[in-house]
Amino acid sequence: MKIHGQCHKCKAPIFLNQCTDWYGNTVLSLNCWNGHYKWIEIEDIDKEFKIEPEKNLVTYIGFFDAP
């Protein structure tokens, strides 16, 4: 995974991510591993559909030991 700079809030590495959401839309985002988003783009969604940016994207991050 290529690093695209550092987060201005926490100085963590920033990565370009691509995934598919629950509805089959391709989601591209540029964010750090702490959940601070620089931008997010949802492909295959109606361009006139207005989505207000979420202010609290990550409310909890937990870790566990894999067996």
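Report on the accompanying structure. The shown structure was predicted, so the numbers you read here are calculated from the model rather than taken from an experiment.

### Focus: the overall build of the protein
- Looking only at helices and strands, one finds 0 helices and 4 strands in the protein.
- Along the protein, helices (α) and strands (β) appear in the sequence β-β-β-β when read from the amino end.
- Taken across its 67 residues, the protein has 21% of its residues classed as buried.
- Considering only residue pairs separated by 6 or more positions, the protein has 9% of its internal contacts joining residues 24 or more positions apart.
- Per element, the accessible surface of the protein, about 6200 Å² overall, is 55% carbon and sulfur.

### As for the sheet that holds strand β2 (residues 13–20)
- Read across the open sheet, the 4 strands follow the order β1-β2-β3-β4; overall the sheet is antiparallel. The sheet terminates laterally at β1 (3–6) and β4 (37–42), the two strands that pair on one side only. Direction aside, the axes of adjacent strands within the sheet are offset by 20° on average.
- When β2 meets strand β3 (residues 26–32), the two strands line up antiparallel, connected through 7 bridges. Along β3, the bridge assignment pairs Gln18 with Leu28.

### Re the state of the cysteines
- Counted according to the given criterion, the structure contains 0 disulfides.
- Cys10 provides the cysteine sulfur closest to Cys7, a residue in no disulfide bond, and the two sulfurs are 3.8 Å apart.
- Looking at the unpaired Cys32, the closest cysteine sulfur is the one in Cys10, lying at 3.8 Å.
- Judged by relative accessible area, which is 1%, Cys32 ranks as buried.

Reading the values: rules and limits
Residues numbered from 1 in each chain as written. Predicted model: local features only at pLDDT ≥ 70, side-chain atom pairs only at ≥ 80, totals over all residues. Heavy atoms only, no water. Helix = DSSP H or I, 4+ residues; strand = E, 2+ residues; numbered from the N terminus. Buried < 20%, exposed > 50% of the residue type's maximum accessible area, 1.4 Å probe, protein only. Contact = heavy atoms within 4.5 Å. Areas by Shrake-Rupley, 256 points an atom, 1.4 Å probe, with all protein chains shown as cover. Pairing = 2+ DSSP bridges. Axes fitted to C-alpha atoms, helices over the stretch in contact; angles between N-to-C directions. Disulfide = S-S within 2.5 Å.

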